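Chain and residue survey
Listed here are the chains, written in short residue letters.
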Amino acid sequence: MNFALTPQMIDKIGFAMEDQKEQYAADVDSGELVPLSTLGERHSDERYARLPRWGSAEGFHLMESFVTSLDNPAYRVQLSRALTMGRGVFRAFKDSLKENKEIERLWFAYKEQRLRAVIVSWYNANREARGLARLPAEPEETEELVMSDFSFVWGVGEHGEEVLRQDRDAFFELFPYERPERLEERFAEKRRGIPPAGSEGAPILVAVTPSGELAGFAWGIIDGTSVHIVQLAVTPGLRGIGLGEALLRKFLMEMRARGMRRLTAELMGKSLRSSDFFQSVGFTPVTQVLECSLDELSY
């Protein structure tokens, strides 16, 4: 991303993200926001970066997490009632805010902070993909935001099936151009012999939304005083808000508290772009593994 992410640009991107009638992409050089409907097949060109998804599901989760963050029980009850309105939930929530200017002020500040976090994360991810440096981190703001939104629990609990499904989906995302049958083989190879998440020697830290849904997890396997990360996954609709970093940092701190001395992570496929992210939390590149498919050699 070669354009500057100024406060004005953040506001512009946020406004476009909330447009429910059109989706946009940003020109990575100029920052111009272009409707996807006018780009056609060009929306996949490297010149354009699609804006983060922000639909009704993301909007509802934001309202839900805001209500959970309120200290005043009267405010929580008032807005929680609006969240149960079903089809008219967004209108009911807006009307409830208008009844109390203080809650309305808190809401707009909270929403602005969250959108900024999502946009900055998207901007940095696109810069990394193009070999550019990330913006300086704002750890205190992001950490406070994420920790207030989610519960972090050790063990799979009631999310066993969801963890398995999200683990598989996250792995498959790494190789979008792989043949389905080869992808199945690759996944089976990587998971063969690994103890189930949450069992002895396979710690897993789970993030849960205020409504009890799985938001993401960090899963590792212990070998002596070393831990290898099997999977770090975040639910697609909740990416870009710092949840993955919060999971990883908490996982690292707990492993250190348990007497572990070394932690490793293997980056594959699309996750190779995340090297800078892992290095930012303390990892160091040690080896590089290259793969050659003998079935596809041209000679």
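Structure: above.
Reference entry: report on the structure contained in this document. Predicted model only: the values in this text are computed from it and were never measured.

1. A look at helix 5 (residues 89-98)
An α-helix turns once every 3.6 residues. As a result, residues three or four positions apart point the same way. Among the residues of helix 5, V89, A92, F93, S96 and L97 are the ones counted as buried. The buried residues of helix 5 occupy an angular sector of 140 degrees when projected down its axis, which confines them to one face.

2. As for the pattern of salt bridges
Applying the stated criterion across every chain, the model contains 13 salt bridges. In this structure, the salt-bridge partner of R249 is E245, at a minimum N-O distance of 2.9 Å. Of this pair, R249 and E245 both sit in helix 10 (residues 243-257), four residues apart, which is roughly one turn of that helix. The shortest N-O distance in the salt bridge between E254 and R258 comes to 3.0 Å. Taking the relative accessible area as the measure of exposure, E254 reaches 26% and is therefore partly exposed. Of the residues examined, R258 reaches a relative accessible area of 40% and is grouped as partly exposed. One salt-bridge network, in which partners are shared between bridges, spans R182, E185 and E189.

3. Here we look at the sheet that holds strand 3 (residues 48-50)
The sheet built from three strands is open, its strands ordered 2-1-3 with antiparallel pairing. The two strands at the open ends of the sheet, each matched to only one other strand, are strand 2 (33-35) and strand 3. Across the sheet, the axes of successive neighbouring strands diverge by a mean angle of 35 degrees, strand direction being ignored. Relative to strand 3, strand 1 (residues 24-27) is paired through three bridges, and the arrangement is antiparallel. When the sheet's bridge partners are listed, A26 is paired in strand 3 with A49.

4. Some remarks on the pairing of strand 7 (residues 226-234)
Most of strand 7 is tucked away, with seven of its nine residues classed as buried. Bridge count for strand 6 (residues 214-223) against strand 7 is eight bridges, and the pairing is antiparallel. Residue I221 lies in a different strand from strand 7, and its bridge partner there is H228. Counting the residues that bridge the hairpin from strand 6 to strand 7 gives two residues, and of these G224 lies at a positive phi of roughly 65 degrees. Pairing geometry for strand 7 and strand 8 (residues 262-265), over four bridges, is parallel. Residue S226 lies in a different strand from strand 8, and its bridge partner there is R262.

5. Here's the deal with the sheet that holds strand 5 (residues 204-208)
Taken in spatial order, the five strands of this open sheet run 4-5-6-7-8, and their pairing is mixed. Pairing within the sheet leaves two strands with one partner each, and these edge strands are strand 4 (151-154) and strand 8. Averaged over all adjacent pairs, the angle separating strand axes in this sheet is 25 degrees, with direction ignored. Seen against the sheet, helix 8 (residues 160-173) touches strand 5, strand 6 and strand 7 and runs at an angle of roughly 85 degrees to strand 6.

Analysis parameters
Residues numbered from 1 in each chain as written. Predicted model: local features only at pLDDT ≥ 70, side-chain atom pairs only at ≥ 80, totals over all residues. Heavy atoms only, no water. Buried < 20%, exposed > 50% of the residue type's maximum accessible area, 1.4 Å probe, protein only. Helix = DSSP H or I, 4+ residues; strand = E, 2+ residues; numbered from the N terminus. Arc of directions from axis to C-beta. Salt bridge = Lys/Arg side-chain N within 4 Å of Asp/Glu carboxyl O. Pairing = 2+ DSSP bridges. Axes fitted to C-alpha atoms, helices over the stretch in contact; angles between N-to-C directions. Contact = heavy atoms within 4.5 Å.

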